[in-house]
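Report on the structure
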Amino acid sequence: MTIDARVLRETLEHTLAADDSFPKRFYDLLFSRHPEVIPMFHRNSPGAQRKMFAQKVTMIVDHFEDPEWLARELAEVALTHQKYGVRPEMYAWVGDALIDTVREACGAEWTEAAERAWREAYDRIVRSILSTLSQVSSERG
Amino acid sequence: MFPESAAPERELPWERPGRRAAPLIPHLVLVWSLDEPDRIGEAIPIGRRSSVGRGEPLPEDPAPRVMPQRMRPAMTESRAPIANARIGRLHLLLEPENDGVRIRCHGRAPMRVNGQSREDAVVRDGDVVELHNAAVFIVVSRPKELPALRAAGQWEFAFGAADRFGITGESEAVWRVRDELGFAASTDRHVLLIGESGVGKELAARAIHGLSNRSERPLISRNAATLPDALVDAELFGNARNYPNAGMPERSGLIGGANGSTLFLDEIGELPEKSQVHLLRVLDAAGEYQRLGEARPSHSSFRLVAATNRPLDALKHDFLARFTHRIKLPGFTERREDIALVLSELLRRVAAGSPSVVGRFFERRNGQLAEPRIAPDLIVRLLRHPFTHHVRELDRLLWLAIGSAEDDYIGVTEAVDAELKDATVAFSDAADVSREQLLAALREHGRSPTRIAKALGLKNRYVLHRLLKKYGIGSSAIDDAGSS
């Protein structure tokens, strides 16, 4: 399935510009809905965590049409998440908070195509991460 | 005999084509970045029409995309694309013009040039370009590549960090000084360091000593202004036992103590003329001198590194002539692009010494102190401040900012604001300010006439009142009880 990378980029640009505190809004949503994840973020100060999150999201979207880069980057993300004890069900929590944040920031600019592009892109990212994790566990297994 | 025209041509070194000075190209040097503080000091060259934005080049780029570079002598390294999330995929379009660079902002983070909101501006050396809450740049003209050092291999340290002597900076001016220090160190001749208070004369002396073949022995350092007039000679040359009074211990003096090493005398201009004359012999005659109360000469193999912040005519001309090398150390006016790096270095030192005092101003990554939280406004104001005591003054301003901070970041507090002056802002002609710019400034700066006038680069609030009248905006839009 072809994901509309142009829509992803345009809506992300809109989000970055429309809401100066986009990463803060994302973490506020995530932490209010799932407070059990808060202790997982103790290593970095909130400012550093937000910067890392914003950079990671923009880099992934910027490289969305570069499968080699994406596979390499997501494999690293998967290993980091494994180290920090991220559980599979948490990816859905993060995805909902992320897409809700982008949708909120885009306001009237948000379209069905944007919703579809973000959902599909996020699914592809999660599938890639989970496949790395299952590969690692079967190798150890 | 061959006719003259048929003689084989010999290349004489002084007849080789001369090395012409490399042309200077405007660069945007990064001085603040929210997302990529480790890239401060990197420079974006603007030799031709160019695009600047986040990420790799795009097919729709209106001009070739330029990447930030780390510039070191004889080595310019192109770096990874900008990854700052707040910088748009295509944010700036740059175009050199006769007397500057035209810069157009296409990104959503708005641009300010010297504090004024602009979508399009012509910038020149020293101008400050802000992308709101994303990045701050200063415009600096440099050659495409910094010239090679005469003694390479001595300055290996991380980009943007302090070198092993504590000198911080990546500007052309600071690299020129490192080159001169390295060259002077290799020659074993006496050196005079010239520069205003706070430019780092002691660090320069340490560098000369550390790079010389005398570095195994400790540097002897003394401020000449602290030598009491009556005891200058005794302090410098030492004295024999029981001289001038019975019971006086034998002392080797600074010159004897520096045997095999380097003697650094700061504020040499404060040395009485008589003592300058007394030093002539030891500086000339292979280190021969006489201790007070001794008839036979002593010898000391030492190198004198002296420093002064006074005009050179304050020194006796024959004393001045003994200094083979004279190195002028630049102040912040000549290397504004280094201010942010020096500020970070000062903060790192404070953090190492007093983590409990400044820990709250740093981000943490993996439990460790990471980059400091410095507001872009502070950097912008420091870039415009006319420093007179340079690093010392910056250190004081930093402590003022730390001491008066009410939050978890270091910014322009009232106390800091009172100390900072504005040396480089160019006053706009009120006729150049459009109604839209005026309305934007009103929206951005609330009702304060001083802040609005400053943002628009107007000379004072009265010019602002004339503008408000011109565009039919009532003076009630601002708080200004004192105006009429």
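Look above for the structure.
A closer look at the overall build of chain B
Looking only at helices and strands, one finds 14 helices and 21 strands in chain B. With respect to the three principal axes, the spread of C-alpha positions in chain B is 90 × 80 × 50 Å. Within the span of chain B, comprising 484 residues, buried residues form 51% of the whole. If you take every contact in chain B between residues at least 6 apart in sequence, the share linking residues at least 24 apart comes to 64%. For chain B, the accessible area works out to roughly 23,600 Å², and carbon and sulfur atoms hold 50% of it. The positive charge centre, built from 67 side chains, and the negative charge centre, built from 66, are 1 Å apart in chain B.

Considerations on the sheet that holds strand S6 (residues 92-97) of chain B
All names here are of chain B. The sheet built from four strands is open, its strands ordered S3-S6-S7-S10 with antiparallel pairing. In this open sheet, the two strands that pair with only one neighbour each are strand S3 (50-52) and strand S10 (120-123). Pairs of neighbouring strands in the sheet enclose a mean axial angle of 25°, with direction left out of account. Judged from the four bridges that link them, strand S7 (residues 100-105) and S10 form a sheet pairing that is antiparallel. Within the sheet, the bridge partner assigned to arginine 102 lies in S10 and is valine 122.

Regarding the interface of chain A and chain B
A common measure of how large an interface is: the accessible area buried when the components associate. Counting residues at the interface gives 21 residues for chain A, matched by 19 residues for chain B. For the pair chain A and chain B, the summed buried area comes to about 1,800 Å², and 40% of that belongs to carbon and sulfur atoms. For the pair chain A and chain B, the number of links is four salt bridges. Across the salt bridge formed by arginine 89 of chain B and aspartate 62 of chain A, the nearest N and O atoms sit 3.6 Å from each other. Applying the counting rule to chain A against chain B returns 10 residue pairs in polar contact (both at pLDDT 80 or more). Residue assignment for the side of chain A that touches chain B shows that the elements contributing at least two residues are helix H1 (5-18) and helix H3 (46-62) of chain A. Here the residues of the side of chain A that touches chain B sort into seven nonpolar, eight polar and six charged.

Details of the packing of aromatic side chains
The full count for this structure, using the stated rule, is 12 aromatic pairs over all chains. Judged by centre distance (5.7 Å) and plane angle (75°), the rings of tryptophan 155 of chain B and phenylalanine 165 of chain B are edge-to-face. Residue tryptophan 155 of chain B is located in the loop between strand S12 (135-143) and helix H1 (172-185), and its partner phenylalanine 165 of chain B is located in the loop between S12 and H1; the two are separated by 10 residues in the primary sequence. Neither tryptophan 155 of chain B nor phenylalanine 165 of chain B differs from the other in exposure class; each is buried. In this structure an aromatic cluster arises from ring pairing among Phe22, Phe26, Tyr27, Phe31, Phe41 and Phe53 of chain A. Sitting over the ring of tyrosine 84 of chain A, arginine 43 of chain A keeps its end group 3.7 Å from the ring centre. In this structure, arginine 150 of chain B is placed above the aromatic ring of phenylalanine 183 of chain B, and the distance from its NZ or CZ to the ring centre is 4.2 Å.

Let's talk about the side chain of histidine 63 of chain A
Relative to the helices and strands, histidine 63 of chain A is located in the loop between H3 and helix H4 (67-84). Judged by its relative accessible area of 13%, histidine 63 of chain A falls in the buried class. For histidine 63 of chain A, the residues in contact, after removing those within four places along its chain, are Trp69 and Leu70 of chain A together with Glu56 of chain B.

Considering empty space enclosed by the protein
In this approach a probe as big as a water molecule rolls over the atoms, and the regions it shows empty are the leftover space. Residue and element names in this part refer to chain B. Taken as a whole and judged by the stated rule, the model has two cavities of 30 Å³ or more. Considering the residues around the largest cavity, the lining is formed by Leu30, Ser33, Glu36, Arg39, Glu42, Ile44, Pro68, Ile82, Asn84, Ile87, Ala135 and Phe137. Taken together, Arg112, Gly115, Gln116, Ser117, Arg118, Gln437, Ala440, Ala441, Glu444, His445, Ala455 and Leu456 make up the lining of the second largest cavity. When contributions to the lining of the second largest cavity are tallied by element, the ones reaching two or more residues are strand S9 (116-118) and helix H12 (435-445). No other element matches H12, which puts five residues into the lining of the second largest cavity. Here the lining of the second largest cavity is composed, by residue class, of four nonpolar, five polar and three charged.

Some remarks on the pairing of strand S11 (residues 128-131) of chain B
Residues and elements named next belong to chain B. What you see with S11 is no split at all: Val128 and Glu130 on one side and Val129 and Leu131 on the other are buried throughout. Examined bridge by bridge, strand S8 (residues 111-113) and S11 share three bridges and lie antiparallel to one another. Counted as the bridge partner of arginine 112 is glutamate 130 from S11. Here four bridges tie S11 to S12, and the two strands are oriented antiparallel to one another.

Here's the deal with the nonpolar core
By size, the foremost hydrophobic cluster in this structure holds 65 residues, and its most contacted members are Leu181, Leu193, Leu382 and Leu394 of chain B. Among the elements that line this core, the one with the most residues is helix H7 (residues 339-353) of chain B, at nine residues. The residues contacting leucine 193 of chain B, other than those within four sequence positions of it, are Leu181, Lys201, Ala204, Ala205, Ile208, Phe264, Val305, Ala306, Ala307, Thr308, Ile327 and Leu329 of chain B. Ranked by size, the runner-up nonpolar core spans 42 residues in total, among them Phe22, Val61, Phe64 and Leu74 of chain A.

Points about unusual backbone geometry
All names here are of chain B. Looking along the chain, the bond that leaves tyrosine 243 and enters proline 244 is cis, with omega of 0°. The topology assignment puts proline 244 in the loop between helix H3 (232-237) and helix H4 (253-257). For asparagine 114, which is not glycine, the phi torsion reads 50° and is therefore positive. Along the chain, the position of asparagine 114 falls in the loop between S8 and S9. Judged by its relative accessible area of 11%, asparagine 114 falls in the buried class. A positive phi angle is found at aspartate 188, which is not glycine, with a value near 65°. In this structure, aspartate 188 sits in the loop between H1 and strand S13 (191-194). Owing to a relative accessible area of 35%, aspartate 188 belongs among the partly exposed residues under this scheme.

What counts, and at which threshold
- The residue numbering used here restarts from 1 in each chain and proceeds along that chain's sequence as written.
- Ligands are numbered from 1 and chains lettered from A, in the order in which they are written.
- Reporting of local features is limited, given that this is a predicted model, to residues whose pLDDT is at least 70; pairs of side-chain atoms are given and counted only at 80 or more, and all residues count toward the totals for whole chains, interfaces and linings.
- Excluded from the side-chain calculations are hydrogens and water; all other atoms, namely the structure's heavy atoms, are used.
- By the criteria applied, helices consist of DSSP H or I runs no shorter than four residues and strands consist of E runs no shorter than two, each listed in order from the N terminus.
- Each residue is placed in one exposure class: buried if its accessible area under a 1.4 Å probe, protein chains only, is under 20% of its type's maximum, exposed if it is over 50%, and partly exposed if it falls in between.
- Note on contacts: a residue pair qualifies if any of its non-hydrogen atoms lie within 4.5 Å across the two residues.
- Accessible surface area values rest on a Shrake-Rupley calculation with a 1.4 Å probe, where residue burial reflects the displayed protein chains alone.
- Counted charges follow a simple rule, with Lys and Arg positive, Asp and Glu negative, and His plus the chain ends left uncounted.
- To locate a charge, the coordinates of NZ of Lys, CZ of Arg, CG of Asp or CD of Glu are taken.
- Pairing between strands is defined by DSSP: at least two bridges between them are needed.
- Interaxial angle, 0 to 180 degrees, is taken between N-to-C directions of lines fitted to C-alpha atoms, where a helix line uses only the stretch in contact.
- Two parts lose some accessible area (1.4 Å probe) when they are put together, and adding that loss for both gives the buried area.
- The term salt bridge refers to a side-chain nitrogen of Lys or Arg lying within 4 Å of a carboxyl oxygen of Asp or Glu.
- Whenever two N or O atoms come within 3.5 Å, that pair is a polar contact, provided that in protein one can donate a hydrogen and the other can accept it, and provided that, for residues adjacent in sequence, both atoms are side-chain atoms.
- Residues are grouped as follows: Ala, Val, Leu, Ile, Met, Phe, Trp, Tyr, Cys and Pro are nonpolar; Asp, Glu, Lys and Arg are charged; all remaining types, including Gly, are polar.
- Any two rings among Phe, Tyr and Trp, with Trp reduced to its six-membered ring, count as a pair given centres within 6.5 Å; such a pair is stacked if its planes are under 30 degrees apart, edge-to-face if over 60, and tilted if neither.
- By definition, being over a ring means that NZ of Lys or CZ of Arg is both within 6 Å of the ring centre and within 35 degrees of the ring normal.
- The pocket and cavity definitions rest on a 1 Å grid over protein atoms only: a 1.4 Å probe that fits but cannot leave marks a cavity, an open set with protein on both sides within 12 Å along at least five of seven lines marks a pocket, and residues lining either have an atom within 4 Å of a point.
- Grid points are joined across faces, edges and corners, and a volume is the space filled by probe spheres set on the points.
- Among buried residues, those of type Ala, Val, Leu, Ile, Met, Phe, Trp, Tyr and Cys that are joined through side-chain atoms within 4.5 Å constitute a nonpolar core.

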